[in-house]
Amino acid sequence: MKIELLNKENETTTLLLKETNPTEVNMLRRLIVDEVPTLAIEDVTFIDNSSALYDEIVAHRLGLIILKTDLESYNLPSECKGKKKDEEVCTKENCPHHSLLLKLEAKSDDKRQKESKGYVYAEEIESKDKVVKPVHPKTPIVKIIKKQRIEVEARAVMGQGKDHMKFSPGLVHYKGYPTIKIGDIKNADAISELCPAKVFKVANGKLKVDDEKKCILCKACVEASDDKIEIKGSNEDFILTIESWGQLTAKEMLLKALDIMDSKLDEFEKQIKKL
Ligand code: SF4
Ligand SMILES: [Zn+2]
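Along every chain, residues carry numbers that run from 1 in the direction the sequence is written. For this description, chains carry letters from A and ligands carry numbers from 1, given in the order in which they are written. Only residues with pLDDT of 70 or above have their local features reported here, since the model is predicted, and side-chain atom pairs are shown and tallied only from 80 upward, although totals for entire chains, interfaces and linings are computed over all residues.

(A) Molecular detail of the site of ligand 1. Being near a molecule or strand means, for a residue, that its backbone-placed C-beta atom lies within 6 Å of it. Within the structure, ligand 1 sits among 13 residues, and Cys195, Val199, Cys215, Cys218 and Cys221 are positioned closest to it. Among the residues making up the shell around ligand 1, the classes are represented as twelve nonpolar, no polar and one charged. Throughout, the ten residues Ala, Val, Leu, Ile, Met, Phe, Trp, Tyr, Cys and Pro are labelled nonpolar, Asp, Glu, Lys and Arg are labelled charged, and all others, Gly among them, are labelled polar.

Structure, rendered in structure tokens:
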């Protein structure tokens, strides 16, 4: 497999994977979405909550806050260095290798709450780890009004998207590299206009491909041209797009996915040797 960076913009990275097949590309996608671990809030202890929202709603919102994750310092409980030899998962309470305690406290008469008109934002979550903090500081958690107060302790743990999507590090999708052949077209302007991905341009009344990479293989142009346009997605070259939610970069996700694949193959080898 050959890999080439096509585009990197904000949280979205687009790669060209060449000389491969749909199985390998889909395996990479599944590993990232389901298995690459991240930190997310799992347990919340309410010390006080006199806001209008029930504890359950606040806990649910906290669970969905995206936390920057440091894969060097944190591991899944099943791979935690704090676990005992006979344990399948680490059961150590407050284990710093797979979890982190966060705190949130806000009162209606705090200067900060007065400035934010009562909105309590994710940026108010206190973390002892400088790396692990909310990726989107202005995520609203709750609004407190006069004489209301909220105080919680929240435990973030490492988890995987296959257990809960809140742990999934991003959205990953792919398509076969598009090939576009244009025949004798009479309605160039109309076709250029109808393409949802703006793949075509019209020069001297003729329809031309401006950027085939943008094609989403919807085939609307094929229908509108009475099959004078041919569209084909490659079965060997693929455009893979990784949209990170922010916990990890696309590079971190890919490297971790390969690590996971390696350990799965090692495990498979062990199983075969036992036969
Ligand atoms: S298949 Fe769809 S996206 Fe691709 S060129 Fe045709 S209309 Fe545009
Ligand atoms: Zn642990």
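Structure's up, so let's keep going.
(B) Representation of the sheet that holds strand β2 (residues 12-18) in the model. Two strands are said to pair when DSSP picks up at least two bridges between them. Going along the chain from the N terminus, every DSSP run of H or I of four or more residues is numbered as a helix, and every run of E of two or more is numbered as a strand. The sheet built from four strands is open, its strands ordered β1-β2-β12-β9 with antiparallel pairing. The outermost strands of the open sheet, each flanked by one partner alone, are β1 (2-9) and β9 (170-182). Taking each pair of neighbouring strands and ignoring which way they run, the sheet shows an average axis angle of 30 degrees. Across six bridges, β2 lies against strand β12 (residues 229-244) in antiparallel orientation. To get an axis, fit a line to the C-alpha atoms, keeping to the stretch in contact for a helix; angles then go from 0 to 180 degrees between the N-to-C directions.

(C) Representation of the packing of helix α1 (residues 22-35) against helix α6 (residues 250-274) within the structure. In contact at an axis separation of 9 Å, α1 and α6 are set at 100 degrees when each is read in the N-to-C sense. Relative to α6, α1 is oriented roughly perpendicular. Contacts between α1 and α6 involve Leu28, Leu31, Ile32 and Glu35 from the first element and Met253, Ala257, Ile260 and Met261 from the second. Taken together, the residues of the contact of α1 with α6 break down into seven nonpolar, no polar and one charged. In these notes the angle categories are as follows: under 35 degrees is roughly parallel, over 145 is roughly antiparallel, 65 to 115 is roughly perpendicular, and the rest is oblique. What counts as a contact here is a pair of residues whose C-beta atoms, placed from the backbone, lie within 7 Å.

(D) Spatial organisation of unusual backbone geometry. Of note, the phi angle at glutamate 19 is positive, near 55 degrees, even though the residue is not glycine. Along the polypeptide, glutamate 19 turns up in the loop between β2 and α1. Think of it as a crowd count around each C-beta: if 20 or more other C-beta atoms lie within 10 Å the residue is buried, if 12 or fewer it is exposed, and in between it is partly exposed, with C-beta placed from the backbone throughout. Assessed through the 8 C-beta atoms surrounding it within 10 Å, glutamate 19 is described here as exposed.

(E) Representation of the sheet that holds strand β6 (residues 126-127) in the model. Strand order in the open sheet formed by four strands is β3-β8-β4-β6, with antiparallel pairing between adjacent strands. Where the open sheet ends on each side, the last strands, each with one partner, are β3 (38-49) and β6. Docked against the sheet, helix α2 (residues 55-63) engages β3 and β8 (149-159), running at close to 155 degrees with respect to β3.

(F) Expanded view of the environment of leucine 15. When you line up the elements, leucine 15 lands in strand β2. In this structure the C-alpha to C-alpha distance between leucine 15 and threonine 241, which are 226 residues apart in sequence, comes to 6.4 Å. Beyond its immediate chain neighbours, meaning those up to four positions away, leucine 15 contacts Ile3, Glu4, Leu5, Leu6 and Leu240.

(G) Inspection of the nonpolar core at higher detail. In terms of nonpolar packing, the biggest core is built from 25 residues, with Ile41, Ala154 and Ala156 touching the most fellow members. Contributing elements (two or more residues each) for this core: β3, α2, β4 (99-107), β7 (140-143) and β8. If one sorts the elements of this core by residue count, β8 sits on top with five residues. Setting aside residues no more than four positions away along its own chain, isoleucine 41 makes contact with Leu62, Gly63, Ile65, Leu102, Ala154, Arg155 and Ala156. Defined on buried residues, the nonpolar core groups Ala, Val, Leu, Ile, Met, Phe, Trp, Tyr and Cys residues joined through C-beta atoms within 7 Å. With 18 residues, the next largest nonpolar core counts Leu28, Val36, Phe238 and Leu248 among its residues.

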